[in-house]
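Architecture and fold: a report
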Amino acid sequence: MIYMDAASTAPPRQEVLDLVTPLLTSNFGNPASRHELGHQAKRANDWARAQVAGQLGVGEGEIYFTSGGTEGDNTAVIGGALANPRGKVVLSSAIEHPAVMEACAYLAAIHGFTHKLIPVDEYGMVDVRAAKDLIDDQVALVSVMSVNNEVGTIQPIRELAQLAHDAGALMHTDAVQAAGWLDLAELASHVDVLSLSGHKIGALKGSGALYISHRCEVLPLLHGGGQQGGQRSGTENPAASVGIARALQLCAEQRQQGAGDSYGNYLIDRITRELEAVAPGLVQLTGHREQRIGGIVSFVFPRTAGETVLIELERRGVLCSSGSACSAGSTDPSPVLTAMGYDEQLAHTAVRLSFTRGTKENEISQVASAVVATVKALVAGA
């Protein structure tokens, strides 16, 4: 089997497992304990915080460890909006992850906020002009993901952050899919809050990190023993923290080496060329052709049923998905694709191929062959 669903969850890295195993077995202490096992755990946690801060180019006191992207997004959106004493409007793009969308809905339902959406174009790119019109002195917080999790489009975070800051609003970005492909220090330099998830980059599920700039305040969602400066109470998990720190190190090394940079374009070019040679209109790329990360490639196949394509690809040894794992089991079309202007029927034919920089070149070639063969067979049999 060739795994092409890394945007859902990436395989754990062996280097991460080697480093965290002792923290789950022999060095299992609570970092708050004052005996030697506790001191060992605290040293591990402190090391992890320093490493994550270094990758983001921020201060160690601005890094908080969480249970993942959902907690990070909720803390940023809800805590950031409630802590920013301005008008009660929150803005997000129309294609945000449910962790952001539902946090905004909570603010609207419980705290009387208005949630406004910034539209996107047919490539999934946020409309900066529309954002400029929407961001005013009533906006408490703007939240736009760095990279869309379904189509891979890279968003203009710097421009959006400038608009937010000019109006006095906080800027949050969900960088879950950006980690491993983009320079996180560059992203962090423009925003007030940035959220990460460990299991998208080869660390443990249930791990995450949150950058909160010292320039702003974000109210905590969890209250208890006052760990992590009271920003995120709860017994700290050194294994999870060390895992995400090590994974970020490895991601940065691979990015500097350029590993996997060409794979996305290869898939796009080959699949499009070979299917268009069979008949025009068999395949359509979703997302921006240039402003995209290399690790997410998404197509719609107008003359097929997406679920059938996925089943046939698995039969041929390729594991992939139609889109966000958070929408798995839903019969509704992708809200990302419908926001981009795709009709419901076409949105149902979406197939997402997502992979890590560690994927092998021959695997990418095999995947391209499998996709082409699958669509050809389904169209011929229709």
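Details of the structure are given in the entry above.
Residues numbered from 1 in each chain as written. Predicted model: local features only at pLDDT ≥ 70, side-chain atom pairs only at ≥ 80, totals over all residues. Heavy atoms only, no water.

1. Some details on helix 9 (residues 263–278)
Helix length check: helix 9, at 16 residues, gives a terminal C-alpha distance of 23 Å against a target of 22 Å (1.5 Å per residue), a fit within 8%. For helix 9, the set of buried residues is Y263, G264, L267, I268, R270, I271 and L275. Close packing links the buried residues of helix 9 with strand 9 (284–286), strand 10 (296–300), strand 12 (350–354) and helix 13 (361–381). (Helix = DSSP H or I, 4+ residues; strand = E, 2+ residues; numbered from the N terminus. Expected span 1.5 Å × (residues − 1). Buried < 20%, exposed > 50% of the residue type's maximum accessible area, 1.4 Å probe, protein only. Contact = heavy atoms within 4.5 Å.)

2. A closer look at the packing of helix 3 (residues 69–83) against helix 4 (residues 98–111)
The packing of two helices is summarised by the inter-axis angle and the distance between the axes. Where helix 3 contacts helix 4, the axes come no closer than 9 Å and their chain directions differ by 35 degrees. For the pair helix 3 and helix 4, the sense of crossing is right-handed. Contact with helix 3, carried on its side by T70, D73, N74, V77, I78, A81 and L82, involves A99, V100, A103, C104, Y106, L107 and H111 of helix 4 and no other residues of that element. A class-by-class count of the residues in the contact of helix 3 with helix 4 yields 10 nonpolar, three polar and one charged. (Axes fitted to C-alpha atoms, helices over the stretch in contact; angles between N-to-C directions. Left-handed = near helix turned anticlockwise from the far one by under 90°. Nonpolar A, V, L, I, M, F, W, Y, C, P; charged D, E, K, R; others polar.)

3. A look at the packing of aromatic side chains
Applying the stated criterion to the full structure yields three aromatic pairs. Centre to centre, the rings of F299 and F301 are 5.9 Å apart; their planes meet at 35 degrees, and the pair counts as tilted. Accessibility classification places F299 together with F301 in one group, the buried group. Here the aromatic cluster, defined as three or more aromatic residues joined through ring pairs, consists of W181, Y263 and F355. (Phe/Tyr/Trp six-rings, centres within 6.5 Å; stacked < 30°, edge-to-face > 60°.)

4. Topic: the nonpolar core
Among the nonpolar cores identified, the biggest contains 96 residues, and M4, L56, L196, L267, I271 and L353 are the most heavily contacted of them. Setting aside anything within four residues of it in sequence, one finds L196 in contact with L56, G68, G69, A175, V176, A179, L184, G208, A209, I244 and L248. If you look at the next biggest cluster of nonpolar residues, it comprises 19 residues, including Y64, A81, A103 and L141. (Core = buried A, V, L, I, M, F, W, Y, C linked by side-chain atoms within 4.5 Å.)

5. As for the pairing of strand 3 (residues 89–93)
Buried residues dominate strand 3, accounting for five of its five residues. On strand 3, burial covers both faces: V89, L91 and S93 on one face and V90 and S92 on the other are all buried. Relative to strand 4 (residues 114–118), strand 3 runs parallel, the two being bridged by five bridges. Bridge pairing in strand 4 links V89 to T114. (Pairing = 2+ DSSP bridges.)

6. Things to note about helix 3
Across its 15 residues, helix 3 extends 20 Å between first and last C-alpha, which sits within 8% of the 21 Å expected from 1.5 Å per residue. Buried residues dominate helix 3, accounting for 12 of its 15 residues.

7. Brief notes about the sheet that holds strand 12
The three strands are arranged 9-10-12 in an open sheet whose pairing can be described as antiparallel. The sheet is open, and its two edges are formed by strand 9 and strand 12, each paired on a single side. Averaged over all pairs of adjacent strands, the angle between strand axes in this sheet comes to 30 degrees, irrespective of strand direction. Of the pairings in the sheet, the one linking strand 10 to strand 12 comprises five bridges and is antiparallel in character. Along strand 12, the bridge assignment pairs V300 with A350. Along the sheet face, helix 9 touches strand 9, strand 10 and strand 12 and points at about 20 degrees away from the line of strand 10.

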